[in-house]
Amino acid sequence: MKRSKRHQTRLISFIIILITVALLILLSVCLYRQPSLEVRFNAVTSWLSKLENAVVDLDTHIEILICLFALYIAKCQLPIPMGVLCVISGMVFSLPNAIIINVTFLSFFFIVKYIEGWWIGGGWAMMILNIRKIRFLKQWVMFKGTGNPYILVVSRLVPSIPLGMISKLYGSMHYDFMYYLVLSVLGFMPRLYIYTRIGSVMYNPFSKEFIILIMIIVAFTGITSLVFNIFYGIRSRQMTQTLLIYSQKQKYKIVL
């Protein structure tokens, strides 16, 4: 069992590293050949430049703001990537205004999901934490039933962890609301800035800045996923070994 878990952890880690390195190499090649790409796709960049000028000249930013808010409301129940919403805002508004808008609407999303968890419960997150083989995660996340603030911040940083799931979990634990909101926004701020920045340079996807931002996202996603997988593998093996020791001493009846 222990060798099987170790093999599985190594296999997943190898796949994560392989995909991350492959994407970074591809983006590095694009960055190296960036001038030739701009020339080759001059028609595309010209069309995107005209589109950017048309958006800037729009007099309907209020309507766009309302539509964007509607998308955030839909995000509360639909699996719309938060990064996409931040990119859209960055495409339409100036970077400072887009960041303010995204922070405001993101706070609204966190508040809604927290209230859902308060009234309905932890949902899928609590169901996952109640699985016997990963109950060490529950003890770590629950933090004596009050919620772990470090886990809250880290969960906002890691792209592979659903925002709504964690929000409902902390709402179900009745975690202090103000701490929850501040830590959630602070934890997501690095990703929010990068996504919004990508939106501001989206009209020139062959620019050095755009490629570098994509490289940062790919590298950050790969590293955080790798660290999480390794940590989970180590803690899972430690828990399995501890349970086997107790089982041999016949203190607990364990079925693996």
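Report follows, based on the coordinates. (Residues numbered from 1 in each chain as written. Predicted model: local features only at pLDDT ≥ 70, side-chain atom pairs only at ≥ 80, totals over all residues. Heavy atoms only, no water.)

## A word on the side chain of E116
So, point 1. Here E116 lies in helix α6 (residues 95–120).
So, point 2. Engagement of the side chain of E116 in a polar contact is seen with the side chain of K113, the distance being 3.0 Å.
So, point 3. Sequence-distant contacts of E116, that is, excluding residues within four places in its chain, are made with C76, Q77, G121 and K168. (Helix = DSSP H or I, 4+ residues; strand = E, 2+ residues; numbered from the N terminus. Polar contact = N/O pair within 3.5 Å; in protein donor to acceptor, adjacent residues only side chain to side chain. Contact = heavy atoms within 4.5 Å.)

## Some thoughts on the packing of helix α9 (residues 149–157) against helix α11 (residues 177–200)
So, point 1. Running from amino to carboxyl end, α9 crosses α11 at an angle of 35°, the nearest separation of the two axes being 7 Å. Considering only the axes of α9 and α11, their crossing is right-handed. Together, P149, L152, V153, R156 and L157 of α9 and Y180, L183, S184, G187, F188, P190 and R191 of α11 make up the contact between the two elements.
So, point 2. When grouped by side-chain class, the residues that make up the contact of α9 with α11 number eight nonpolar, two polar and two charged. (Axes fitted to C-alpha atoms, helices over the stretch in contact; angles between N-to-C directions. Left-handed = near helix turned anticlockwise from the far one by under 90°. Nonpolar A, V, L, I, M, F, W, Y, C, P; charged D, E, K, R; others polar.)

## Section: the environment of I198
So, point 1. Its place among the elements puts I198 in helix α11.
So, point 2. Remark: the alpha-carbon pair of I198 and G90, spanning 108 residues in sequence, is separated by 7.2 Å.
So, point 3. Those residues in contact with I198 that sit more than four places away from it in its chain are V87, F210, L213, I214 and I217.

## Remarks on unusual backbone geometry
So, point 1. Positive phi values are uncommon outside glycine, yet H174 reaches one of about 55°.
So, point 2. Of note, H174 is situated in the loop between α10 (163–172) and α11.

## Considerations on the nonpolar core
So, point 1. Formed by 41 residues in total, the largest nonpolar core has its most connected members in M82, F110, Y170, Y180 and F188.
So, point 2. Among the secondary structure elements, those contributing two or more residues to this core are α4 (61–75), α5 (82–92), α6, α9, α10, α11 and α12 (208–248). (Core = buried A, V, L, I, M, F, W, Y, C linked by side-chain atoms within 4.5 Å. Buried < 20%, exposed > 50% of the residue type's maximum accessible area, 1.4 Å probe, protein only.)

## Regarding the packing of aromatic side chains
So, point 1. Here the structure, examined in full by the defined rule, presents eleven aromatic pairs.
So, point 2. Taking 6.1 Å as the distance between ring centres and 45° as the angle between the ring planes, the aromatic pair formed by Y114 and W118 counts as tilted. Note that Y114 and W118 are positioned in helix α6 at a spacing of four residues, about one turn of the helix.
So, point 3. A residue is classified by how much of its surface remains accessible, and Y114, at 4% relative accessible area, is buried.
So, point 4. Taking the centre distance of 6.5 Å and the plane angle of 50° together, the rings of F188 and Y195 count as tilted. Side by side, F188 and Y195 carry an identical accessibility label, which is buried. (Phe/Tyr/Trp six-rings, centres within 6.5 Å; stacked < 30°, edge-to-face > 60°.)

## Comments concerning α11
So, point 1. The end-to-end C-alpha separation of α11 is 32 Å, in line with the 34 Å expected for 24 residues at 1.5 Å each.
So, point 2. The largest bend in α11 is about 50°, located at M189, with the proline P190 one to four residues further on.
So, point 3. Capping the start of α11, D176 holds a side-chain oxygen 3.4 Å from the backbone nitrogen of M178, two or three residues further along. (Expected span 1.5 Å × (residues − 1). Bend = angle between axes of the 7 residues up to and from the residue.)

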